[in-house]
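# Breakdown of the fold
As a plain string of letters, each chain reads:
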Amino acid sequence: MLEDDISLEALTPKEAPAAEAAGAVDGEGAPPGGPGAQAAAMRVNEKYSTLPAEDRSVHIINICAIEDIGYLPSEGTLLNSLSVDPDAECKYGLYFRDGKRKVDYVLVYHHKRASGGRTLARRAQHGDAGPAARSARQDQPLPGKAGPLGAGEPEPPLDYHEDDKRFRREEYEGNLVEAGLELERDEDTKIHGVGFVKIHAPWNVLCREAEFLKLKMPTKKLYHISETRGLLKKINSVLQKITDPIQPKVAEHRPQTTKRLSYPFSREKQHLFDLSDKDSFFDSKTRSTIVYEILKRTTCTKAKYSMGQGEGRKKDSALLNKRRKCDRYGITSLLANGVYSAAYPLHDGDYEGDNVEFNDRKLLYEEWACYGVFYKYQPIDLVRKYFGEKIGLYFAWLGVYTQMLIPASVVGIIVFLYGWATVDDNIPSMEMCDQRHNITMCPLCDRTCSYWKMSSACATARASHLFDNPATVFFSIFMALWAATFMEHWKRKQMRLNYRWDLTGFEEEETDKVKLTWRDRFPAYFTNLVSIIFMIAVTFAIVLGVIIYRISTAAALAMNSSPSVRSNIRVTVTATAVIINLVVIILLDEVYGCIARWLTKIEVPKTEKSFEERLIFKAFLLKFVNSYTPIFYVAFFKGRFVGRPGDYVYIFRSFRMEECAPGGCLMELCIQLSIIMLGKQLIQNNLFEIGIPKMKKFIRYLRLKHQSPSDHDEHAKKKQRYEVDYTLEPFAGLTPEYMEMIIQFGFVTLFVASFPLAPLFALLNNIIEIRLDAKKFVTELRRPVAVRAKDIGIWYNILRGVGKLAVIINAFVISFTSDFIPRLVYLYMYSENGTMHGFVNHTLSSFNVSDFQNGTAPNDPLDLGYEVQICRYKDYREPPWSEHKYDISKDFWAVLAARLAFVIVFQNLVMFMSDFVDWVIPDIPKDISQQIHKEKVLMVELFMREEQGKQQLLDTWMEKDRKKAEPCNNHSPAPAAPPPPPPPDGPDFPGGSL
């Protein structure tokens, strides 16, 4: 016998009272080896040794209890499975110890081994639940204990919390047995103090739950998928040959010409399905989903434990009489309360190694999760087969998004190259760089800053033209249409996947977990509102702090004696401030994610779907504000409320508001976007998605290694599959993955007018991101529970909202942040020769240095080597020699009117074009709608033939019964009448055709 506890299924709930009545209860029955205990053990042997494994219900029984009564099993009993080599028979943890029943799910718990030899009797409360459940529970010793305390032995202190958890596990597992699941316990593992409960769902349970869940399963009926004809068929064949090298080498990815008709599984219509191989009819993903639904549905009843022999002693009455409930949340509440430490389905096997059996996980690793196959399409059908529809839809959406970024990247590169090619022909930047113009600009700060030459900003002006040119307007319109096309393309792709994955009629059914009134929910809603407003205010306060940093740093650098430092003040301040913003954004993202989850929990949403949607909306709102507030400041607020020389706007009466460069704020906006976007992606990918999981895995490995026993034989044994999977990182949901991509989608669309290369950097990131996420799912995470879903949920609505918002923001960026509109106004209203010559001078106003306020004039007015009388600043104001000096000029109002008109025209035009694209492209592809209609027709024909066959069979039986009844009527005294003629063959008499 084993020294540690290994619990196996040996008793059915019906026969468990026999063993309990026989006295197989530690501390209450006969002494070890006594006749009562031996008789009970023999009755157990006689009853259960002859039952086949597939017909036997299961219950948890502790091996030590059998050791205590002196029973050694014979070779004919189920316990003989212990003598089989576990590594050879159970395939390293993928099967029960009999080597036949597959492990569909695993529950993990922590257990402690007490130092003393006492045992604790736990009496079942027969009055709390049904008789079957209570009779199945028998008194058991604690793990690893030999027998009752001897007289006079000291009684070690009890751990009531551990005992309570153990009792709740026994009760919960007993209820699982009632639900039809088969369990097997394993505490003899390499991980010290960790026990595993392996769960297997037998065939009858799978059929029952598949019918409850309305799972669509393939029938025997095969039909041909309609193929394209003519020119389209030739084009498709050519495309298939061209793309064949980049297709994954998996069977699920090959084009199918036939498809099995699917129908919701029904036990009454099992004849419709191909049940020749029952082991593979329900795949591992479906089996784990079914078990998880049972785990969620199964609850604990009132659980009250007693103290056995110590019950008469006066202990803590609160603990003795405490009743525990698992409520209505099943395994979820047990995990939250620490009764179980983990629950997960198993991976199919190892993914690398020389002697590894071929499995779906290994195939996914080779054809999907390796960086060497980055150029290939994703095997989406295999991903769905292994991880479920919800995760399959995420990777399908990510693949479509990445593909759509290719044309956007190409157009963005063309726009950038156009700006690069025309920079030397740009007249405004040439005028700014021309030393002959000798334009003297007003100081950028009070006292410490001096006058400066406009030609010193030549590099900034030339760089601004790379992104601020007429092609960016075209690119903004293109990206708005691109976003609409992307959404329509994804809807069509989603419908194809729904058809291929048999989800066309699937609808999620959820019941309300709790029913609360508006009065009950009002405190939570009020807390949510106040907390969200406070978090947004914190973000604004941080942005304000960074603004003060920029202003004070610029003033400090202006006092530097080095000319090189003073000439690069703007670039230095911008770069350092953006890095600070980046660090703050990344830190607050993590904080806001936790706050959003807490705020959603206190709302107590009605359903799990409602919980997920509310969590996503709150997290997106907070992270959207956090990520884009610094960018919104540079795009729409910086330089707008500066004032003018002699009448500047101050913060805290000492810090002057920032000004934009003579070339505008667009270049600074580009720098801000590029650093935040690239830095966020690099840090999140390399640090959060690669570094932190590996670090957690390494720490967990060190902790388990430290806790594991040092026995050499124990370490030499190969780990079981469930032990290996326990060391992996738990699956935390798809919200972080989606959120990262949605924020990136915002960077690509919202401010694309200022950064045409954003789609290119997003494309390069996503190529790595797909393989990074794939490798994480295959190698770093425990296998998630497969969840059925027909769409990406609330994320689609968020994408549409971001796409609509992008049109408005780009209109304002082009109109107010760039110089596109002022240039058009100057070209068509003020230019003397129809060119841009004189545009720079037109946008600059004049200021008389004698009008400086006291204490604001430069300390060194002769820094340029000559005395300055008039300095220039960027604004539309009246000159000092005007009657209304320094008032806003008419040119300002003309430009403002043109800007507002452009916003209205651009927004409505692009919105109309986007809606037109949405209307032109149908949501459901024509061939898919035809196939769905064909499936419905075939299903109706199938059932009609089945009903006709039943009716013909019924008519045949009735005809036979009538014929049998006729000879009985001929035994009467009257002469027998001649027999009636046989019925003719025909539709009214189907018996003739059988």
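Preceding this paragraph is the structure being described.
This structure is a prediction, so every number in the text was calculated from the model and none was measured.

## Overview of the sheet that holds strand 5 (residues 194-200)
With antiparallel pairing, the four strands of this open sheet are ordered in space as 4-5-3-8. The open sheet has two edge strands with one neighbour each: strand 4 (182-186) and strand 8 (342-344). Averaged over all adjacent pairs, the angle separating strand axes in this sheet is 15 degrees, with direction ignored. Summarising the sheet, strand 3 (residues 105-110) and strand 8 pair through three bridges and their orientation is antiparallel. Within strand 8, the position partnered with L107 by the bridge is A343. Lying on the sheet, helix 6 (residues 160-178) is in contact with strand 3, strand 4 and strand 5; it crosses strand 3 at an angle near 165 degrees.

## A word on the nonpolar core
Counting 119 residues, the largest nonpolar core has W368, F387, W397, Y401, W482, F751 and I792 as the members making the most contacts within it. Sorting elements by how many residues they give to this core places helix 15 (residues 389-421) first, with 15 residues. Other than its neighbours up to four places away in sequence, W397 contacts F486, W490, Y738, M741, I742, I792 and L799. Residues L181, V205, Y223 and L272 belong to the second largest nonpolar core, which totals 44 residues.

## Some details on the side chain of N528
Along the chain, N528 turns up in helix 19 (residues 518-558). For N528, a relative accessible area of 4% corresponds to the buried category. Residue contacts for N528: discarding those within four places in its chain leaves L599, I602, E603 and K618.

## Describing the pairing of strand 4
A large share of strand 4 lies buried, amounting to five of its five residues. Alternating positions in strand 4 separate into two faces, E182, E184 and D186 on one and L183 and R185 on the other, with burial throughout. Across five bridges, strand 4 lies against strand 5 in antiparallel orientation. Its bridge partner being in strand 5, E182 is matched across the sheet by H200.

## Quick word on a nonpolar patch on the surface
Taken together, the side chains of L231, L232, I235, V238, L239 and I242 make up a nonpolar region of the molecular surface, amounting to roughly 590 Å² of accessible area. Relative to the helices and strands, L239 is located in helix 8 (residues 231-243). By relative accessible area, L239 is classed as partly exposed at 45%.

## Some points on the packing of aromatic side chains
This structure, assessed with the given rule, holds 53 aromatic pairs. Between the aromatic rings of W397 and Y401, the centroid separation amounts to 5.5 Å while the plane-to-plane angle is 20 degrees, which identifies the pairing as stacked. Of this pair, W397 and Y401 both sit in helix 15, four residues apart, which is roughly one turn of that helix. Given the relative accessible area of 0%, Y401 is considered buried. Both rings, one in F892 and one in W893, keep their centres 5.1 Å apart while their planes meet at 80 degrees; by these two values the pair is edge-to-face. For F892, a relative accessible area of 26% translates into the label partly exposed.

The rules behind the values
- Residues numbered from 1 in each chain as written.
- Predicted model: local features only at pLDDT ≥ 70, side-chain atom pairs only at ≥ 80, totals over all residues.
- Heavy atoms only, no water.
- Pairing = 2+ DSSP bridges.
- Helix = DSSP H or I, 4+ residues; strand = E, 2+ residues; numbered from the N terminus.
- Axes fitted to C-alpha atoms, helices over the stretch in contact; angles between N-to-C directions.
- Contact = heavy atoms within 4.5 Å.
- Core = buried A, V, L, I, M, F, W, Y, C linked by side-chain atoms within 4.5 Å.
- Buried < 20%, exposed > 50% of the residue type's maximum accessible area, 1.4 Å probe, protein only.
- Patch = residues over 30% accessible without salt bridge, like charges linked within 9 Å, V, L, I, M, F, W, Y side chains within 5 Å.
- Areas by Shrake-Rupley, 256 points an atom, 1.4 Å probe, with all protein chains shown as cover.
- Salt bridge = Lys/Arg side-chain N within 4 Å of Asp/Glu carboxyl O.
- Phe/Tyr/Trp six-rings, centres within 6.5 Å; stacked < 30°, edge-to-face > 60°.

These results come straight from atomic positions and should not be treated as a statement about function.
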